[in-house]
There are 2 protein chains.
Amino acid sequence: MSRIAVVGGTGHLGAAIAKRLAKAGHHIVIGSRAAESAQKAAAEIGHGATGGANADIAAGADFVIVTVPYGAQAATLSEIKDRVGSAIVVDATVPLKPPKVMRVQLPQAGSAALEAQAILGEGVRLVSAFHSVAAHKLATDEKVDCDVLVFSDDIEARKAVMELVSQMDLRPVAGGALANAAAAEALTSILIFLNKTYSADGAGIRFTGLTTAPPIP
Amino acid sequence: MSRIAVVGGTGHLGAAIAKRLAKAGHHIVIGSRAAESAQKAAAEIGHGATGGANADIAAGADFVIVTVPYGAQAATLSEIKDRVGSAIVVDATVPLKPPKVMRVQLPQAGSAALEAQAILGEGVRLVSAFHSVAAHKLATDEKVDCDVLVFSDDIEARKAVMELVSQMDLRPVAGGALANAAAAEALTSILIFLNKTYSADGAGIRFTGLTTAPPIP
């Protein structure tokens, strides 16, 4: 059992991730800008989940999962960077720039993941994941027909996050270096486009040609 | 039946695309830097395919499909730009930078597709496609378990290319604006990484949650 802080855990994606990880037996701490909202969300999740302000929950966690809108990413990471210690930070930020969310607009640094690394510094164990999975599907108890790409320059950290993804009843797929998160970030705009164009209720992606149960490399 | 020029058609991807389109009944003209190599490749394809130098075959085509390595893209497009006229140009370039081909390294402009547009100019009908499909699988007569994303700012041109993709016994998926090609270009490095990491023989992608036979939007 790990202690997992979900920063921005009152949002759709964060709450859905928290719910699946709580069911898997982990101790979840929900974070929000306002501690009260976080505590309310934690109560809804149950399974012993607790809540607090984003800045306060990062300390002492094994994993810190960051699920905030792109516009809040830099401020949120700056707020938690001195508190995460040796925790593995999982950034799920997708650089969507409203109103053109169906258009790929990667940041100058190449990806939101690389921007996160620049803010957190080399000392923080950073992983990028959960870009492409539809929050409203993740919020259910059903199987989700979508692979979860996991990127990191820290192979042990990547493995640990892939193990968490498996526990959430999702298939993790190693995507390589942190810089490769650009692919998953860009794909999210394509999936939003597909939802509109093909009237899909949460389009997703699957990789083909892998073994059915790929090893966690 | 369309007249389809395949620039760089002696390469693995170009030859495989040409073969499927020739079987579908189109008149294929294979291009290479050397006319002789192109004529030899055309003879292997059969179905009335002919060959010539890259610069010579673009004129008079309905479609000009460009399948060259990233390092040759700019020179090749510059060579053909004044000859393509009203043809639909389909660029399949993936910005791989050897030796780090498993690392996403998108160009400063955002994508090879946008670089192509800058070279060809706004007057050329440009589509980006065929990034993710494994050439050695495309070269067979088998079904390929991989969707083909098709991007363009010219919706009629996108539709026309999606129709060609269907005729090749592949599923086309509209990916939106030309700028969105960044997603498919980046994904190709991920697929190369997966081939190595999961010992896959040509990993691919499938989109989920769409209808089985998506309309061509």
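In case you missed it, the structure is sitting above this.
Residues numbered from 1 in each chain as written. Chains lettered and ligands numbered in written order. Predicted model: local features only at pLDDT ≥ 70, side-chain atom pairs only at ≥ 80, totals over all residues.

1. Concerning the pairing of strand E4 (residues 63-66) of chain A
Residue and element names in this part refer to chain A. Judged by which residues are buried, E4 turns out to be covered on both faces: Phe63 and Ile65 on one side and Val64 and Val66 on the other are all buried. Judged from the four bridges that link them, strand E1 (residues 3-7) and E4 form a sheet pairing that is parallel. In the strand pairing of E4, isoleucine 4 is matched with phenylalanine 63. Relative to strand E5 (residues 88-91), E4 runs parallel, the two being bridged by four bridges. Looking across to E5, one finds that phenylalanine 63 is bridged to isoleucine 88. Where the polypeptide runs from E4 across helix H4 (residues 70-80) and back to E5, its parallel neighbour, the crossover connection is right-handed. (Buried ≥ 20, exposed ≤ 12 C-beta atoms within 10 Å, placed from the backbone. Helix = DSSP H or I, 4+ residues; strand = E, 2+ residues; numbered from the N terminus. Pairing = 2+ DSSP bridges. Right-handed = clockwise from strand over helix to strand, strands pointing away.)

2. Notes on the relation of the copies chain B and chain A
Note on the identical chains: chain B maps onto chain A by a rotation of 180° and an axial translation of 0.0 Å, with an RMSD of 0.0 Å. The superposition of one copy onto the other is thereby described by a two-fold rotation axis. When you check the interface residues of chain B against chain A, 100% turn up at the interface there too, and the contact is symmetric in its surfaces. (Least-squares fit on C-alpha atoms with pLDDT ≥ 70 in both. Contact = placed C-beta atoms within 7 Å.)

3. Side note on the sheet that holds E4 of chain A
Residue and element names in this part refer to chain A. In space, the eight strands of this open sheet follow the order E3-E2-E1-E4-E5-E6-E7-E8, with mixed pairing throughout. Of all the strands in the sheet, the pair left with one neighbour each is strand E3 (50-53) and strand E8 (171-176). On average, each strand axis in the sheet is inclined to that of its neighbour by 25°, with strand direction left out of account. When strand E6 (residues 125-129) meets strand E7 (residues 147-151), the two strands line up antiparallel, connected through two bridges. (Axes fitted to C-alpha atoms, helices over the stretch in contact; angles between N-to-C directions.)

4. Considering the interface of chain B and chain A
Listed by partner, the interface residues are 37 residues for chain B and 37 residues for chain A. When contributions to the side of chain B that touches chain A are tallied by element, the ones reaching two or more residues are strand E8 (171-176), helix H8 (181-197) and strand E9 (204-208) of chain B. Looking at the side of chain B that touches chain A, the element that brings in the most residues is H8 of chain B, giving nine residues. Residue classes in the side of chain B that touches chain A are distributed as 22 nonpolar, eleven polar and four charged. In this sheet, E9 of chain B lies alongside strand E9 (residues 204-208) of chain A in antiparallel orientation, the contact comprising five bridges. Within the sheet, the bridge partner assigned to isoleucine 205 of chain A lies in E9 of chain B and is phenylalanine 207 of chain B. (Nonpolar A, V, L, I, M, F, W, Y, C, P; charged D, E, K, R; others polar.)

5. Notes on the sheet that holds strand E4 (residues 63-66) of chain B
All names here are of chain B. What the eight strands build is an open sheet, ordered E3-E2-E1-E4-E5-E6-E7-E8; its pairing is mixed. A single partner strand is all that each edge strand has here, and the edge strands are strand E3 (50-53) and E8. Between one strand axis and the next, the sheet turns by 25° as a mean value, whatever way the strands run.

6. Some points on H4 of chain A
Residues and elements named next belong to chain A. Regarding H4, the residues found buried are Gln73, Thr76, Leu77 and Ile80. Down the axis, H4 shows its buried residues gathered within 100° of arc, on one side only. Facing away from the buried side of H4, by more than 90 degrees, are the exposed residues Ala75 and Ser78. Buried positions along H4 lie against E1, helix H3 (54-57), E4 and helix H5 (112-120). (Arc of directions from axis to C-beta.)

7. Considering unusual backbone geometry
Note the cis peptide between proline 98 of chain A and proline 99 of chain A, where omega equals 5°. Relative to the elements of secondary structure, proline 99 of chain A occurs in the loop between E5 and H5. For histidine 47 of chain B, which is not glycine, the phi torsion reads 50° and is therefore positive. Residue position: histidine 47 of chain B is located in the loop between helix H2 (35-45) and E3. On the neighbour-count criterion, histidine 47 of chain B (15 C-beta atoms within 10 Å) is partly exposed.

Read these as geometric descriptors, not functional statements.
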